[in-house]
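Residue-level structure breakdown
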Amino acid sequence: MAGINPAAESPGFKKAVLTPRPNFRLKSVEASLNSPAGIYTVGWHMETDKTIRLRVQVPFDCEARLILPFSNGREELLRAGSYEFHYKAIKPLGEPPEIDGPFNRLKECIPVRPLLDKYFAGWQNIPRFHGQDSLARLCEIPYLHLNIDNIDLLKKDVEKLYS
C-alpha cells in the first residue's frame, strides 16, 4: 500500500520508484523501508473521499521517482529530503462498490453516500440487522419505503462517479 520499490536500473536502492496505493477502506498508511542506501518512508492519508495528503522521505544521496496516485500519471523526481503533497484525486479513491452486494458494504463507501441520500432518503435509519441484505431486497421491505426503480439510477451515477 506504500509502494516502495527499487528502480530496475539502480540496484541497492540508490534510486527508488514510489507507487503508493490509497484505498477508501483505510484512512491512512505509513511505511518505512530500511534499504541498503538508507530509510525510505511513504505515508498517505485520505482527508476526504477525493483529497490525499502524501508524505515522502528519501535518504541522503538517493533519489526517487514518485508516481502520485489518482492524478492521471503525474510524476515527481525527488532528491534526498522530506516532501509533502496535498491534492484532489481525479476520481474517488478505491474501487466502485457492488450495488447488488450487501448493504453494509455499500453504505461504508464514502463517495456513494451522497447518492444514497439522493435516491434513498432515510437510508441511515435502516436497521443494522438488514446489513447483509442487498439494496434490492431492502426495497421489497414495505416499512423501509425505498423505491426499487432508483437502483438503476444509483448504478448509473456510481458508474459516472468512478469513470
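Right, let's walk through the structure included here. Quantities reported herein were computed from a predicted structural model and do not represent experimental measurements. (Residues numbered from 1 in each chain as written. Predicted model: local features only at pLDDT ≥ 70, side-chain atom pairs only at ≥ 80, totals over all residues. Heavy atoms only, no water.)

Quick notes on the overall build of the chain
A count of helical and extended segments in the chain gives four helices and six strands. The order of α-helices and β-strands along the chain, N terminus first, is β-β-β-β-β-β-α-α-α-α. For the chain, whose C-alpha radius of gyration is 21 Å, the value lies well above the compact-globule estimate of 15 Å for 163 residues. Here the C-alpha coordinates of the chain stretch approximately 65 × 30 × 25 Å along the principal axes. Going through the 163 residues of the chain one by one, you find that 43% of them count as buried. Of all intrachain contacts in the chain linking residues separated by at least 6 positions in sequence, the fraction that spans at least 24 positions is 45%. (Helix = DSSP H or I, 4+ residues; strand = E, 2+ residues; numbered from the N terminus. Rg over C-alpha atoms; globule rule 2.2 N^0.38 Å. Buried < 20%, exposed > 50% of the residue type's maximum accessible area, 1.4 Å probe, protein only. Contact = heavy atoms within 4.5 Å.)

Observations concerning the packing of aromatic side chains
For the structure shown, the criterion picks out two aromatic pairs. With 6.4 Å between their ring centres and 70° between their planes, Phe-103 and Trp-123 make a pair best called edge-to-face. Here Phe-103 is found in helix 1 (residues 103-108), whereas its partner Trp-123 is found in the loop between helix 2 (113-119) and helix 3 (135-139), with 20 residues between them in sequence. Accessibility assignment for this pair places Phe-103 and Trp-123 in one class, buried. (Phe/Tyr/Trp six-rings, centres within 6.5 Å; stacked < 30°, edge-to-face > 60°.)

Details of the pairing of strand 5 (residues 51-67)
As defined by bridge partners, strand 2 (residues 15-18) adjoins strand 5 across four bridges and the pair is classed as parallel. Looking at strand 5, one finds that Ala-16 is bridged to Ala-64. As paired elements, strand 5 and strand 6 (residues 75-88) share 13 bridges and run antiparallel to each other. Bridged to Arg-53 within strand 6 is His-86. (Pairing = 2+ DSSP bridges.)

A few points about the nonpolar core
Counting 22 residues, the largest nonpolar core has Leu-18, Tyr-40, Leu-54 and Leu-66 as the members making the most contacts within it. Mapped by element, the contributors of at least two residues to this core are strand 2, strand 4 (38-46), strand 5 and strand 6. If you tally residues by element for this core, the top one is strand 5, at seven residues. (Core = buried A, V, L, I, M, F, W, Y, C linked by side-chain atoms within 4.5 Å.)

Quick word on the side chain of Asp-157
When you line up the elements, Asp-157 lands in helix 4 (residues 150-162). Using a relative accessible area of 14% as the deciding quantity, one classes Asp-157 as buried. Once you skip the residues sitting within four places of it in the chain, Asp-157 turns out to touch Leu-115, Lys-118 and Tyr-119.

Some details on the pattern of salt bridges
Opposite charge on two side chains permits them to pair, given that their charged atoms come into close proximity. Inspection of the entire model under this criterion finds 12 salt bridges. Of the charged contacts, one joins Lys-14 and Asp-61 as a salt bridge, the two residues approaching to 2.7 Å between their closest N and O atoms. Taken together, the positions of Lys-14 in the loop between strand 1 (4-6) and strand 2 and Asp-61 in strand 5 put the pair 47 residues apart, joining distant regions of the chain. Between Arg-55 and Glu-30 there is a salt bridge, with the nearest N and O atoms lying 2.8 Å from each other. With a gap of 25 residues between them, Arg-55 in strand 5 and Glu-30 in strand 3 (residues 28-35) connect regions that are remote in the sequence. When its relative accessible area of 54% is taken as the criterion, Glu-30 is described as exposed. One continuous salt-bridge network, built from bridges that share partners, spans Lys-15, Glu-63 and Arg-79. (Salt bridge = Lys/Arg side-chain N within 4 Å of Asp/Glu carboxyl O.)

Brief notes about unusual backbone geometry
For Phe-70, which is not glycine, the phi dihedral falls at a positive 55°. The backbone of Asn-72 sits at a positive phi, close to 60°, despite the residue not being glycine. The class for Asn-72 is exposed, based on a relative accessible area of 68%.

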